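Survey of secondary and tertiary structure
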Amino acid sequence: MSQKVLLNAKEVNIILHRLACQLIEKHNDFSNTVLIGLQPRGIFLADRLTKILKEDYKIKNIQLGYLDITFYRDDFRRGQKTLEANKTKINFLVEDKNIVFIDDVLYTGRSIRAALTAIQSFGRPNEIELLTLIDRRFSRHLPIQPDYRGRQVDVINNEKVKVNWIEHDKEDSVYLIEK
């Protein structure tokens, strides 16, 4: 297995600040906007962006939640491996709110489709946007595109994009791994 660095820690940091600024431009004080990290790996990006928005840009009232989509996936019962559910933590109303789904890698779009279905259990939002750190451009199975993207990469099917977070993986980086 060979791997290539797509983003190092400095580049990840620059992209996170750019994404935070783009969110501020659109949502101003976040009074009617909630951020929802998609389990399992989108929560690391959501946590980091929330921290940047609060600490560096002094946005005070950010509502952050986590959404588990395991049982909403269309491939839930298809594989040999048993899927393990994560926790959903949404301690606020989403009715008539602007929601920003946050995930680390946009690949086929199936996770986002599952998230769109899952969020309906919590109410009817006003608008839903998608923020992703990595957009695998030529891999979509569904017509889903991010509203905010960190980096767009062209990846073939036998390659995997691996996002590492310092809080979980001991470094901030993005690798392209050939399977």
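The structure under discussion appears in the preceding block.
I will try to describe carefully the structure that is included in this document. (Residues numbered from 1 in each chain as written. Predicted model: local features only at pLDDT ≥ 70, side-chain atom pairs only at ≥ 80, totals over all residues. Heavy atoms only, no water.)

Focus on the packing of aromatic side chains
Across all of its chains, the model carries zero aromatic pairs by this definition. We note R136 situated over the ring of Y107; from NZ or CZ to the ring centre the distance is 3.9 Å. (Phe/Tyr/Trp six-rings, centres within 6.5 Å; stacked < 30°, edge-to-face > 60°. Lys NZ or Arg CZ within 6 Å of the ring centre and 35° of its normal.)

Thoughts on the sheet that holds strand β3 (residues 63-67)
Sheet strands pair by backbone hydrogen bonding; their relative direction is either parallel or antiparallel. Strand order in the open sheet formed by five strands is β3-β2-β4-β5-β6, with parallel pairing between adjacent strands. One side of each edge strand has no neighbouring strand; the edge strands of this open sheet are β3 and β6 (148-153). Across this sheet, the average inter-strand angle for adjacent strands is 25°, counted without regard to direction. Sheet topology note: the strand β4 (residues 98-106)/strand β5 (residues 127-136) ladder contains eight bridges and is parallel. Bridge assignment links V105 to a residue of β5, and that residue is I134. (Pairing = 2+ DSSP bridges. Helix = DSSP H or I, 4+ residues; strand = E, 2+ residues; numbered from the N terminus. Axes fitted to C-alpha atoms, helices over the stretch in contact; angles between N-to-C directions.)

Observations regarding the packing of helix α1 (residues 9-27) against helix α2 (residues 42-55)
Here α1 crosses α2 at 70°, and the two axes come no closer than 10 Å. In terms of orientation, α1 and α2 fall into the roughly perpendicular class. Crossing handedness for the pair α1 and α2: right-handed. Facing α1, whose interface residues are L16, H17, L19, A20, L23 and I24, α2 presents L45, R48, L49, I52 and L53. A breakdown of the residues in the contact of α1 with α2 according to their chemical character gives nine nonpolar, one polar and one charged. (Parallel < 35°, antiparallel > 145°, perpendicular 65-115°, else oblique. Left-handed = near helix turned anticlockwise from the far one by under 90°. Contact = heavy atoms within 4.5 Å. Nonpolar A, V, L, I, M, F, W, Y, C, P; charged D, E, K, R; others polar.)

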